[in-house]
Amino acid sequence: MNMKNIPKMKNILLPAALTVLMMITQCSNDKTGLKDPFNGYFLIGTSVNKAMITGTDPLALPFIAENFNSVTAENAMKWERIHPEPGKYDFALADSIVSFALKNNMAVIGHVLVWHSQTPDWVFLDSLGNPLTREALLDRLKEHIYTVVGHYRGKVTGWDVVNEAVDEDGSMRQTKWLQIIGDDYIEKAFRFAHEADPDAELYYNDYNNEEKAKRAGVIPIIRDLQEKGIRIDGVGIQGHWHLDSPDFSIVDETIGEYAALGVKVMITEMEINVLPTPAWLYGAEISKTAEYRDSLNPYVEGLPDSVQTQLADRYAALFRILLDHSDAVSRVTFWGINDAYSWKNDWPIPGRTNYPLLFDRNYKPKPAYYAVINEVKKK
Ligand code: G3I
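In this text, all values refer to a predicted model and were calculated from it rather than measured experimentally.

### Here's the deal with helix α12 (residues 367-377)
Here is step 1: Listed in full, the buried residues belonging to α12 are Ala-368, Tyr-369, Ala-371, Val-372, Ile-373, Glu-375 and Val-376.
Here is step 2: Among the structural elements, α11 (305-324) are those in contact with the buried residues of α12.

### Structural notes on the pairing of strand β3 (residues 107-114)
Here is step 1: For β3, a buried count of eight out of eight residues is recorded, marking the element as mostly surrounded by other parts of the structure.
Here is step 2: The pairing of strand β2 (residues 70-73) with β3 spans three bridges and is parallel. Residue Val-71 lies in a different strand from β3, and its bridge partner there is Val-108.
Here is step 3: In this structure, β3 lies alongside strand β4 (residues 158-163), joined through four bridges in parallel fashion. Counted as the bridge partner of Gly-110 is Trp-159 from β4.

### Quick look at the side chain of Arg-331
Here is step 1: Structurally, the position occupied by Arg-331 is in strand β9 (residues 329-334).
Here is step 2: Put simply, Arg-331 is tucked away with no salt bridge, and the nearest opposite charge, on Asp-160, sits 4.8 Å away.
Here is step 3: Within polar-contact distance, the side chain of Arg-331 engages the side chain of Thr-333 at 2.9 Å.
Here is step 4: Among all residues touching Arg-331, those that are not within four sequence positions of it are Phe-42, Leu-43, Ser-70, Thr-72, Ile-109, Tyr-203, Val-265, Met-266, Ile-267 and Thr-268.

### Looking at the pattern of salt bridges
One side chain can pair with another of opposite charge once the charged atoms of both are near each other.
Here is step 1: Under the defined criterion, the tally for this structure stands at 19 salt bridges.
Here is step 2: Glu-187 is paired through a salt bridge with Lys-228; the nearest N and O atoms lie 2.7 Å apart. Of the two residues, Glu-187 sits in helix α8 (residues 185-196) while Lys-228 sits in the loop between α9 (212-227) and β6 (234-237), which places them 41 residues apart along the sequence.
Here is step 3: The class of Glu-187 is buried, set by a relative accessible area of 12%.
Here is step 4: Owing to a relative accessible area of 40%, Lys-228 belongs among the partly exposed residues under this scheme.
Here is step 5: Notably, a salt bridge pairs Glu-257 with Arg-215, separated by 2.9 Å at the nearest N-O pair. Separated by 42 residues along the polypeptide, Glu-257 in helix α10 (residues 248-260) and Arg-215 in helix α9 bring together distant segments of the chain.
Here is step 6: A relative accessible area of 33% places Glu-257 in the partly exposed class.

### Some details on the packing of aromatic side chains
Two aromatic rings, taken as a pair, are described by how far apart their centres are and by the angle between their planes.
Here is step 1: For the coordinates displayed, the defined rule picks out 20 aromatic pairs.
Here is step 2: Seen in terms of ring centroids, Phe-359 and Tyr-369 are 5.2 Å apart; in terms of plane orientation they differ by 50°. Their pairing is tilted. Of the two residues, Phe-359 is situated in the loop between β9 and α12 and Tyr-369 in helix α12; the sequence distance between them amounts to ten residues. As far as burial versus exposure is concerned, Phe-359 and Tyr-369 are alike and both buried.
Here is step 3: Judged by relative accessible area, which is 13%, Tyr-369 ranks as buried.
Here is step 4: One aromatic cluster in this structure is built from Phe-63, Phe-68, Phe-359, Tyr-363, Tyr-369 and Tyr-370.
Here is step 5: The lysine or arginine in question, Lys-344, covers the ring of Trp-343, its NZ or CZ lying 4.8 Å from the ring centre.
Here is step 6: The cationic tip of Arg-361 hangs over the ring face of Tyr-355; the distance from NZ or CZ to the ring centre is 5.0 Å.

### Digging into the nonpolar core
Here is step 1: Formed by 111 residues in total, the largest nonpolar core has its most connected members in Leu-34, Trp-159, Tyr-315 and Phe-334.
Here is step 2: Once residues within four sequence positions are removed from consideration, Trp-159 is found in contact with Met-77, Gly-110, His-111, Leu-113, Val-148, Val-149, Tyr-152, Ala-200, Glu-201, Leu-202 and Tyr-203.
Here is step 3: Core analysis: the next-biggest nonpolar cluster, separate from the first, contains five residues, Tyr-207, Ala-284, Trp-335 and Trp-343 among them.

### Some remarks on the packing of helix α6 (residues 134-151) against α8
The description of two packed helices rests on the angle between their axes and on the distance between the axes.
Here is step 1: Where α6 meets α8, the closest approach of the two axes is 9 Å, and the angle between their N-to-C directions is 35°. Regarding α6 and α8, the two cross each other, and that crossing is right-handed. Residues Arg-134, Leu-138, Leu-141, Lys-142, Ile-145, Tyr-146, Val-149 and Gly-150 of α6 form the contact with α8, whose own contacting residues are Tyr-185, Lys-188, Ala-189, Phe-192, Ala-193, Glu-195 and Ala-196.
Here is step 2: Considered class by class, the residues forming the contact of α6 with α8 number ten nonpolar, one polar and four charged.

Calculation rules
- Residues numbered from 1 in each chain as written.
- Predicted model: local features only at pLDDT ≥ 70, side-chain atom pairs only at ≥ 80, totals over all residues.
- Heavy atoms only, no water.
- Buried < 20%, exposed > 50% of the residue type's maximum accessible area, 1.4 Å probe, protein only.
- Helix = DSSP H or I, 4+ residues; strand = E, 2+ residues; numbered from the N terminus.
- Contact = heavy atoms within 4.5 Å.
- Pairing = 2+ DSSP bridges.
- Lys, Arg positive; Asp, Glu negative; His and termini not counted.
- Salt bridge = Lys/Arg side-chain N within 4 Å of Asp/Glu carboxyl O.
- Polar contact = N/O pair within 3.5 Å; in protein donor to acceptor, adjacent residues only side chain to side chain.
- Phe/Tyr/Trp six-rings, centres within 6.5 Å; stacked < 30°, edge-to-face > 60°.
- Lys NZ or Arg CZ within 6 Å of the ring centre and 35° of its normal.
- Core = buried A, V, L, I, M, F, W, Y, C linked by side-chain atoms within 4.5 Å.
- Axes fitted to C-alpha atoms, helices over the stretch in contact; angles between N-to-C directions.
- Left-handed = near helix turned anticlockwise from the far one by under 90°.
- Nonpolar A, V, L, I, M, F, W, Y, C, P; charged D, E, K, R; others polar.

Structure below.
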C-alpha cells in the first residue's frame, strides 16, 4: 500500500464509517411502516426487550424504527431489574432503550413504577427482615420513584405509575402496597412521580379493565385523583385478548367511559392469543399457569389459513373501534414486535407456538397487518 494515500483514504473511510455507525444507532425512521398510516390518529408502539436492544437479533432495531413510533421497555424498568437491591440501581439496559428511542424520535413509555409483581421481597422488609411500617414503605417508594423518574426526567413521555391495582370484581387488589400503606398508596405514587418529573404524563394501567366489574373499580381511582388535583393523564387498557374474548363492544363502551373522565385512553400491551386457552387463564395474572399439553399447542407447523383469517377479522374489528375513538385513543402498543417475541408463547402455558401479533416470526406482515392498514386507509 502506498503510504502517501493514507490521508486521502482516511478522508473517504472515516465519513463512510461514521455514516454506517449512525445507521446502526439511528436506524432510519423514514421508511414507511405500520406507524405511518396512523399519523394523525394515534401512536403505534411496541415493547422492547434485551435481545432486541443489545443486537442479539440484528434485524430488530431497524424494524422497530420503521414500524413503531413509541416504545415501552418490556421488563427493563421493572423494580426487580432497575432496582434489584437496596441502594443499587441498574439503568444500563433501560438507558439503551431510551437512547435508541430518542435518537429515532419515538415516544418512550416508562413501565412501571408500582406493581405487585416483579417487586423484590426486600422492598417490604427492614434490615432485620421485619415488615416495614407505612412511613418507611412510603419513604422507600418515594426514593425509588424520585430516582427512576428523576433519571429519565425530560426523556420519558409518560409513566405507567400504578399497574394492576384492581381485582376482577372491582375491589382493590390485596397487595403489600395496599396492606402496608393503605389505599392512598396510589395517590402517593402519582404525587411522587409528578414531583420527580412535572412534565411527564402519568397513567394508570391494568388488564381486563374493559370488563364491567373491573372498570367499575378503576373509574373511582381516576376520579379520586382528579378530585384531589393530582395529575393523571391517561388510563392504559393492556389488551391481552383472544380470538373469542372479549366482545369488542365492551372495549368500545369502555373507551367512551374513560374518555368521558377527560383522560387519554391507551391500549398498552396488545396481542390476540390464537391458541386454545382455558377461560380462567384469560387476562394477565402471571402467577396463574397451566401445564403443557400437545392438544393445547395445535399450530406448531404453522397457522392454518382459516385461523389467520379469523385473526385478521378480529384485528380489523378492533381497529375500526379504535379509529372511531381516535380523539380519545392516543396510543396502541403491541406487546412484542413479531410472533417470536410474544410472551404468549410461554404464558399461561409454557412452550407453545403462538401467533398473536401482526408480523410473523420472519418479520413478514400477516393478513392481520393488511387488515388493520385497510381499516385506517378507509378513513
Ligand atoms: O431474562 C431471564 C433469563 O435470563 C432467565 O434465564 C429466564 C428463566 O426464567 O428468565 C428470563 O426472564 C424472564 C423475562 O420475562 C424475560 O423473558 C422472566 O423469568 C419472566 O418472568 C419475564 O416475564 C415477563 C412478565 O411480564 C413478568 O415480568 C414478560 O417478559 C413480560 O412480557 C410480562 O409483561 C407484563 C407487563 O409487564 C404487565 N402486564 C402483564 C404483562 C404480561 O405478563
